[in-house]
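Overview (structure and organization)
Okay, here's what each chain looks like letter by letter:
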Amino acid sequence: MLDSLIKNARELVASRALVGVMTRREVAARHAGTALGVIWPYLQPLLSVAAYYLVFDIVFAMRLGEGASSHAVGTFLIVGALPWMAFCDAVSRGMGSLLEAGSILQKNPLSPVLFPVRSVLASSWIFGPLMLLLALCYIPVHHLQWGVLALLPLMAMQLLMTLLLSYALAIFAAALRDTVQLVGFALSVGIYLTPILFPITMFPQGWRWLLWLNPMASYVMGYQSALLQGQWPELQVWVVSAVWIAVLAVVVNVLVRRSRDQLVDWL
């Protein structure tokens, strides 16, 4: 059923050394020519989360109401904002990866899957350590309770989901350039359909199903449970995350199979 996707996975395994080299070069390219060098890609998201904490927790001392996993707004916001930034960065770069590699693919018999994977892994190389650093900084909040261990499978599942989504969007973007603009808009407003700026209890009960249309909603709720409460995320978090991965796997398999003979020509 997933023959094309399995074939791509085998190609990645066979080319793992090449993927590693491409990923390192992608990370290096992001800070090439900057005075701070390799520090800069990590500094940008750190400054963003620091600004959230300074403005909401220190300056305005804003607090959330009952039912929130944390009463401090900045502390609550950071837990969802950092993985959301990682998601947006990986999807945006992965979506445009095939368009950027068009001339390379036209001259070399490389597997197209290498390029979105390179972009997503480069983003995870940057944001993965930041998520682990966040877990350390939140020790006074989660008190190293066993639920914080859920951070690792959540990050692994988010990486897999982002890989599949980025690959699908990269193929769509190759066929239809409008995809880049549409997805860019969706990412800009998607944060409002994710319980990042507010706890899910503040969202109207009859409209909460809308949150599950955002593939990041379940992950954000999982991170909030793990880092803000030290609790293992609820079953629905894992089920929804797994469903999204399964659906995207089927979609990618169909796209790869149908675009195999035309993809390079689109580029």
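A brief look at the structure comes next. Values in this document were obtained by computation on a predicted structure and should not be read as measured data.

Our next topic: the overall build of the protein chain. Looking only at helices and strands, the protein chain features 13 helices and zero strands. Each of the three principal axes of the protein chain carries a C-alpha extent, and together these read 55 × 50 × 35 Å. Looking at the 267 residues of the protein chain, the share that counts as buried comes to 49%. For the protein chain, restricting intrachain contacts to residue pairs at least 6 apart in sequence, the fraction spanning at least 24 positions comes to 75%. Accessible surface computed for the protein chain: about 13400 Å², of which carbon and sulfur atoms make up 68%. Between the centroid of the 15 positive side chains of the protein chain and the centroid of its 11 negative side chains there is a distance of 7 Å.

This next bit is on the pattern of salt bridges. Under the criterion given, the structure shown has three salt bridges. Close ionic contact of Arg118 with Glu26 constitutes a salt bridge, the shortest N to O distance being 3.5 Å. Here Arg118, found in helix 7 (residues 114-137), pairs with Glu26, found in helix 2 (residues 16-31); they are 92 residues apart in sequence, far enough to count as distant. Looking at Glu26, the relative accessible area reads 14%, which means it is buried. The partner of Asp89 in a salt bridge is Arg93, and the shortest N-O contact between them spans 3.0 Å.

With that out of the way, let us pick up the packing of helix 2 against helix 7. Running from N to C, helix 2 and helix 7 cross one another at 60°; their axes reach a closest spacing of 8 Å. The angle between the axes of helix 2 and helix 7 places the two elements in the oblique class. As helix 2 packs across helix 7, the resulting crossing turns out to be right-handed. Seen from helix 2, the contacting residues are Leu18, Val19, Met22, Thr23, Arg24, Glu26, Val27 and Arg30; seen from helix 7, they are Leu114, Phe115, Val117, Arg118, Ser119, Leu121, Ala122, Ser123, Trp125 and Ile126. When grouped by side-chain class, the residues that make up the contact of helix 2 with helix 7 number 11 nonpolar, three polar and four charged.

Further remarks concern helix 2. The terminal C-alpha atoms of helix 2 lie 24 Å apart, and with 16 residues this matches the ideal 22 Å at 1.5 Å per residue to within 8%. Residues of helix 2 that are buried include every one of Val19, Gly20, Met22, Thr23, Glu26, Val27, Arg30 and His31, and no others.

Excluding glycine, residues mostly have negative phi values, and the peptide bonds linking residues are mostly trans. Positive phi outside glycine occurs at His143, with the angle close to 55°. Checked against the element boundaries, His143 lands in the loop between helix 8 (139-142) and helix 9 (151-175). A positive phi angle is found at Leu144, which is not glycine, with a value near 55°. Considering the arrangement of structural elements, one finds Leu144 in the loop between helix 8 and helix 9.

With that settled, consider the packing of aromatic side chains. A full pass over the atoms with the stated rule returns three aromatic pairs. On the numbers, 5.4 Å between centres and 10° between planes, the contact of Trp146 with Trp232 is stacked. One end of the pair, Trp146, is in the loop between helix 8 and helix 9; the other, Trp232, is in the loop between helix 11 (217-229) and helix 12 (235-259), and 86 residues separate them in sequence. With centroids separated by 5.4 Å and ring planes inclined at 25°, the aromatic side chains of Trp232 and Trp238 adopt a geometry described as stacked. Linked through ring pairs, Trp146, Trp232 and Trp238 together constitute an aromatic cluster.

The end-to-end C-alpha distance of helix 4 (residues 73-95), which contains 23 residues, comes to 32 Å, matching closely the 33 Å that a straight helix rising 1.5 Å per residue would cover. Considering bend angle alone, the principal kink of helix 4 is centred on Val79 and spans about 25°; proline Pro83 follows within four residues of it. Burial analysis of helix 4 places 20 of its 23 residues in the buried class, which makes it a mostly covered element.

What counts and how
- Residues numbered from 1 in each chain as written.
- Predicted model: local features only at pLDDT ≥ 70, side-chain atom pairs only at ≥ 80, totals over all residues.
- Heavy atoms only, no water.
- Helix = DSSP H or I, 4+ residues; strand = E, 2+ residues; numbered from the N terminus.
- Buried < 20%, exposed > 50% of the residue type's maximum accessible area, 1.4 Å probe, protein only.
- Contact = heavy atoms within 4.5 Å.
- Areas by Shrake-Rupley, 256 points an atom, 1.4 Å probe, with all protein chains shown as cover.
- Lys, Arg positive; Asp, Glu negative; His and termini not counted.
- Charge placed at Lys NZ, Arg CZ, Asp CG, Glu CD.
- Salt bridge = Lys/Arg side-chain N within 4 Å of Asp/Glu carboxyl O.
- Axes fitted to C-alpha atoms, helices over the stretch in contact; angles between N-to-C directions.
- Parallel < 35°, antiparallel > 145°, perpendicular 65-115°, else oblique.
- Left-handed = near helix turned anticlockwise from the far one by under 90°.
- Nonpolar A, V, L, I, M, F, W, Y, C, P; charged D, E, K, R; others polar.
- Expected span 1.5 Å × (residues − 1).
- Phe/Tyr/Trp six-rings, centres within 6.5 Å; stacked < 30°, edge-to-face > 60°.
- Bend = angle between axes of the 7 residues up to and from the residue.

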